[in-house]
Amino acid sequence: MRAAAFAAVMLVSLPAAAEVRLVVPEANAPRTGTFEVIFLNDSAEAAKLDAPKTITVAEGEAALEGPAPAEITPGGFARVTYRLGSVPAAPAPQVAVAASTATPQEAESTGLGRFETYEPMYALVGANPSDAKLQLSFRYRLFGHQPREFTTGDGSREWRAGLYFGYTQRMFWDLSQESIPMYDITFSPELFLRAVSPGSTSIGAPMLGIQAGLRHQSNGEDGADSRSYNTLYVEPSVGFGLGNGWTLTAAPRLWVYVGSKEGNERIARYRGYTGLTIDLKQQDGFGLRTFLQGNLSGGRGSAEVDMSYSLRRWTGLNLYLYSQLYTGYGEALIDYDERNTRLRFGIGIVR
């Protein structure tokens, strides 16, 4: 704590209201100076932070000093500085947002707060043990401490604050063989710009967003088994709060293929040029996510439907019961021109 009058901790678990706990200062505590409020997000989802502009305490009214983050990652925290009294304001500090596994000092030095969840993460197994599937995904904000917003909210207005590096890895695992090899792996690094308008998780203003970027997909093989292509894409999104913790988000995506597809010229016939994600979920409840993609003119494509249920409500675990149905062409890059249907069950980390 800096030359502080007192310390305060605010626990944030959206969509429920925040709970404020203040440590009462001693009688001889200073009447001026700065102090920090630590906002904690102990939920399994990212939480929108509406830091109050002022806080009334025994010594008087303390005003927010500098920016506050618009969102806190699951299990993370943010330190926000307030100033008490009439001492001239110091330069606005940078706000650290970090995973709860790191101290504030570690978070500032390593940039852990700039890592965010991205695509769903899970481990699934079907009726056939030769067909297990795993997915890992994250994104990293390359500049700034706050996400880019195109509203007048608390996020950064600088364009570069919305520049991200993203990475998704999808693995198909053969558990039936003694050496349990990977049947195919899809590596998907990307660079994209993203801007959001937070809106509300309750019934009210829609949550708007737009993302555009360059994505590479390959399976890391060579020769006849090599699969690789690049796409430029744009994806607007709109979300609505339905009340009682429910949200509905729709995100259409359009893309074009760029660069060489040597040896894999037919990928576009099966992967197409359009996609649509529809995501319906309740905080600490059920979730239904559908991703459709395909070649509308060629009549080829695929559908991936994920159903999940949070274990947090009943067990306290930050995990989900997870099931997935995939039907269509090219679930794995190695067989992008083969049609199949698979049903799997397992555990999700992010949905």
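The model shown is predicted, which means the values in this text are computed figures rather than measured ones.

**Q** Requested: an account of the pattern of salt bridges, with residues and values cited.
**A** Tallying each qualifying case throughout the model produces 15 salt bridges. Residues K133 and E304 are paired through a salt bridge, measuring 3.0 Å at the closest nitrogen-oxygen approach. With K133 in strand β12 (residues 132–141) and E304 in strand β20 (residues 300–310), the pair connects residues that are 171 residues apart, well separated along the chain. In terms of burial, K133 and E304 fall into one category: buried. Of the charged contacts, one joins E304 and R170 as a salt bridge, the two residues approaching to 3.3 Å between their closest N and O atoms. Of the two residues, E304 sits in strand β20 while R170 sits in strand β13 (residues 163–173), which places them 134 residues apart along the sequence. Residues E304 and R170 agree in their burial class; the two are buried. Taken together, the shared-partner salt bridges in this structure form one network comprising D131, K133, R170, E304, E331, R342 and R344.

**Q** Summarise the packing of aromatic side chains; cite the residues concerned and give the values.
**A** In this structure the tally under the stated criterion is 12 aromatic pairs. Pairing F138 with F165 gives two aromatic rings, centres 6.3 Å apart and planes at 55 degrees, and the pair type is tilted. One end of the pair, F138, is in strand β12; the other, F165, is in strand β13, and 27 residues separate them in sequence. The exposure class assigned to F138 is partly exposed, which follows from its relative accessible area of 28%. With a centroid separation of 5.4 Å and 85 degrees between ring planes, the pair formed by Y257 and Y273 is classed as edge-to-face. Placement of Y257 in strand β17 (residues 246–258) and of Y273 in the loop between α2 (267–271) and β18 (274–282) is noted, with a sequence separation of 16 residues between them.

Rules and cut-offs
Residues numbered from 1 in each chain as written. Predicted model: local features only at pLDDT ≥ 70, side-chain atom pairs only at ≥ 80, totals over all residues. Heavy atoms only, no water. Salt bridge = Lys/Arg side-chain N within 4 Å of Asp/Glu carboxyl O. Helix = DSSP H or I, 4+ residues; strand = E, 2+ residues; numbered from the N terminus. Buried < 20%, exposed > 50% of the residue type's maximum accessible area, 1.4 Å probe, protein only. Phe/Tyr/Trp six-rings, centres within 6.5 Å; stacked < 30°, edge-to-face > 60°.

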